[in-house]
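Chain by chain, the residues:
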Amino acid sequence: MAFAPLMVQLENRRAVIIGGGKVACKRARTLIESGAQVTVVSPHLTSELSVMAEDSVVAWKKKLFQPKDIKDAYIVVIATNNELVNEQVWQSSSRVPLVNVTGEAERGNLQFPGHIKRGRLSIAVSTGGASPKLASRMKEELEQKYDHTYEDYVDFLYTCRLYIKRSRLSSEEKQETLKQLVEEDYREEAKQHIMLEWLKQKTEGGDDDE
Ligand SMILES: C[C@@]1(CC(=O)O)c2cc3[nH]c(cc4nc(cc5[nH]c(cc(n2)[C@H]1CCC(=O)O)[C@@](C)(CC(=O)O)[C@@H]5CCC(=O)O)C(CC(=O)O)=C4CCC(=O)O)c(CCC(=O)O)c3CC(=O)O
Ligand SMILES: NC(=O)C1=CN([C@@H]2O[C@H](COP(=O)(O)OP(=O)(O)OC[C@H]3O[C@@H](n4cnc5c(N)ncnc54)[C@H](O)[C@@H]3O)[C@@H](O)[C@H]2O)C=CC1
C-alpha cells in the first residue's frame, strides 16, 4: 500500500493512544507538538509519560482498553505489547478517520515517519517499511546537517517572505529576492538585519515607506 507525504492540521483534534510504553511515548510527543488533545489508555506508563500525565500534558485513563475509549477520536494509535488487544482495538476503529497500527504499520492509514523539527522546518524520512533503522540513521545525518541555527534562519525567511508578498517590488524582483535569500548565506544576523531593513523600505506601511 502506498502512503502520501502530507502535513496534517491536528490542533485540538482528539488523539487516543492505546498502550503506555516506549512507542506510545514517542507518538505522544509528536502529537502534542502538533497541538492535538492526547489521551493515553494504559494500566502502566513509561516514566516520561507519567510526567506528562502529572503535568496534564496528556490525559491518562489508567485502565485496560475498552471500545468506548476511542469514541469521538480523530486519531487512534494502537501501541500495546499484546497482539490480541491490538487486534481488538483495530476491529473497534473502523469509524476513526486516522489509525496508526504501530506493530503492523501497513494495516493502518496513518504512519509516523522519522522526523526532525527546527522551528517551522520539518524534515521527515520514511523507507516505506523497508528499514526503520535506515530511516533512523538518515534522521541522525539530517540532525547534524540542519542544526539548531536553522530555527532562527527559517523564521527569518518566513518574515522576509511575508514582507516580500506585501511589498511594492515587481513580480520579477520578488522572485529574484526569494531566490537570493536561499542562495546566499543569510544565517548571519548582521546580514539578516540589512535584508530586513531593505524589505521594510520596499513594503507598504513599512517604517521608511517613501
Ligand atoms: C511506519 C513506522 C512508524 C509507524 O507509523 O508506526 C515504523 C514502523 C515499524 N517500526 C518497527 C520496528 C522498529 N522501529 C525502529 C525505530 C524507528 N522507527 C521509526 C519509524 C517508523 N517505524 C515508521 C516508518 C519507518 C520506515 O518506513 O522507514 C523511526 C525512524 C522514527 C520514530 O519511530 O519516531 C524510529 C527511529 C528511532 C529514532 O531515531 O528515534 C526500530 C529500531 C530501534 O528502535 O532501534 C525498530 C526495530 C528494528 C526493526 O524492526 O527494523 C516495526 C516492527 C515492530 C515489531 O516488530 O513489532 C514497525 C511496524 C512495521 O514495520 O509494520
Ligand atoms: N512503529 C514503531 O516504530 C515500532 C513499533 N513497535 C510495536 O509497538 C508496540 C508497542 O511496543 P512498545 O511500546 O515497545 O511496548 P511496551 O512493552 O514498552 O509497552 C506496551 C504498553 O502496552 C500497555 N498495555 C498492555 N495491555 C494493554 C491493554 N489491554 N490496554 C491498554 N494498554 C495495554 C502496557 O501497559 C504498556 O504500557 C508493539 O506492538 C511493537 O511491535 C515496536 C518498535 C517500534
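Check the entry above for the structure.
Thresholds, definitions, all that
- Along each chain, numbering runs from 1 in the same order as the chain's sequence is written.
- All chains are assigned letters beginning with A, and all ligands numbers beginning with 1, in the order in which they are written.
- Side-chain atom pairs in this predicted model are given and counted only at pLDDT of 80 or more, local residue features only at pLDDT of at least 70, and totals for whole chains, interfaces and linings cover all residues.
- Computation of side-chain values covers all heavy atoms of the structure but excludes hydrogens and water.
- If a single non-hydrogen atom of a residue is within 4 Å of a molecule or strand, that residue counts as near it.
- Two N or O atoms form a polar contact when they lie within 3.5 Å of each other; inside protein one atom must be a possible hydrogen donor and the other a possible acceptor, and for residues adjacent in sequence the pair counts only when both atoms belong to side chains.
- Computed by Shrake-Rupley with a 1.4 Å probe, the accessible areas treat only the displayed protein chains as cover when residues are assessed.
- Think of it this way: any DSSP run of H or I at least four residues long counts as a helix, any run of E at least two long counts as a strand, and we number them from the N terminus.
- Residues are grouped as follows: nonpolar covers Ala, Val, Leu, Ile, Met, Phe, Trp, Tyr, Cys and Pro; charged covers Asp, Glu, Lys and Arg; every other residue, Gly included, is treated as polar.
- A strand pair is defined by DSSP finding two or more bridges across the two strands.
- To obtain an axis, a line is fitted to C-alpha atoms, over the contacting stretch when the element is a helix, and the angle between two such axes runs from 0 to 180 degrees between their N-to-C directions.
- Every residue pair with non-hydrogen atoms within 4.5 Å of one another is taken to be in contact.

### Structural notes on the site of ligand 2
As a matter of local geometry, ligand 2 sits amid 20 residues, with Gly-20, Lys-22, Val-23, Phe-65 and Thr-102 nearest to it. The backbone of Gly-20 places a nitrogen or oxygen atom 3.0 Å from an oxygen atom of ligand 2. For ligand 2, a nitrogen atom lies 3.4 Å from a polar atom in the side chain of Arg-27. Starting from 870 Å² of accessible surface for ligand 2 in isolation, the protein chains cover 70%. At the level of secondary structure, the elements contributing two or more residues to the shell around ligand 2 comprise α1 (22-33) and α3 (83-92). In terms of residue count, α1 provides more of the shell around ligand 2 than any other element does, three residues in total. Its residues assigned to classes, the shell around ligand 2 shows eight nonpolar, ten polar and two charged.

### Observations concerning the sheet that holds strand β1 (residues 14-18)
One open sheet holds the five strands; their spatial order is β3-β2-β1-β4-β5, and the pairing between them is parallel. The open sheet has two edge strands with one neighbour each: β3 (59-61) and β5 (98-101). Averaged over all pairs of adjacent strands, the angle between their axes in this sheet comes to 15°, without regard to strand direction. Summarising the sheet, strand β2 (residues 37-41) and β3 pair through three bridges and their orientation is parallel. Paired with Thr-39 across the two strands is Ala-59, which belongs to β3. Where α3 meets the sheet, it contacts β1, β4 (75-78) and β5, and its direction lies at approximately 160° from that of β4.

Remember, this is a structural readout, not a statement about activity or role.
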